[in-house]
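Now for the letters of each chain:
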Amino acid sequence: MMLHSAMVLCLLLVAVSSNLAIAIKKEKRPPQTLSRGWGDDITWVQTYEEGLFYAHKSKKPLMVIHHLEDCQYCQALKQVFAQNEEIQEMAQNKFIMLNLMHETTDKNLSPDGQYVPRIMFVDPSLTVRADIVGRYSNRLYTYEPQDLPLCKYSQTINSGRS
């Protein structure tokens, strides 16, 4: 009887530990749905308000990417953004990141209209940085894939008002 109980206990322990190992393996890295293809290793916030909270708390600037799934310019920008290791590393470590497929109620994020793609920066004091713009005078915050070495923008923010 004792041997039978010990065997049952051993089988039970083996079953539990193998199921636990499978569960741990599955939990290793949950899929990052908030990335929407912009970078699965980046921690993305879900809302603008959440982004503002973490920007203020962490003293890191918030990068807000406005885009649409069916926009060819957004898709081209997303592809370069997601494949550039330097940009991915910068986004992971130097910014609070948010990508939006809808407009926010904050009119400071659309000073020259609501168009996509549009990238705007909010510094840790929660000030929208209207001075960090792309190269187009008619759509100040639009960027094309070749415009993406955003390192100068990162340096502008981090050396500015943190």
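See above for the structure.
Residues numbered from 1 in each chain as written. Predicted model: local features only at pLDDT ≥ 70, side-chain atom pairs only at ≥ 80, totals over all residues. Heavy atoms only, no water.

1. Concerning the sheet that holds strand β3 (residues 118-122)
A sheet is described by the order of its strands in space; here three strands give the open sequence β2-β1-β3, paired in mixed fashion. Each edge of the open sheet is held by one strand with a lone partner, namely β2 (96-100) and β3. Sheet twist, expressed as the average angle between the axes of neighbouring strands with direction ignored, equals 15°. In the sheet, strand β1 (residues 62-66) pairs with β2 via five bridges, with the strands oriented parallel. Within the sheet, the bridge partner assigned to H66 lies in β2 and is L100. (Pairing = 2+ DSSP bridges. Helix = DSSP H or I, 4+ residues; strand = E, 2+ residues; numbered from the N terminus. Axes fitted to C-alpha atoms, helices over the stretch in contact; angles between N-to-C directions.)

2. Quick word on the packing of helix α3 (residues 72-83) against helix α4 (residues 85-94)
One way to put it is that α3 packs onto α4 with a least axis distance of 5 Å and a crossing angle of 80°. Classified by the angle between their axes, α3 and α4 sit roughly perpendicular to one another. Between α3 and α4, the residues in contact are F81, A82 and Q83 and E85, I87, Q88 and A91, respectively. Residue classes in the contact of α3 with α4 are distributed as four nonpolar, two polar and one charged. (Parallel < 35°, antiparallel > 145°, perpendicular 65-115°, else oblique. Contact = heavy atoms within 4.5 Å. Nonpolar A, V, L, I, M, F, W, Y, C, P; charged D, E, K, R; others polar.)

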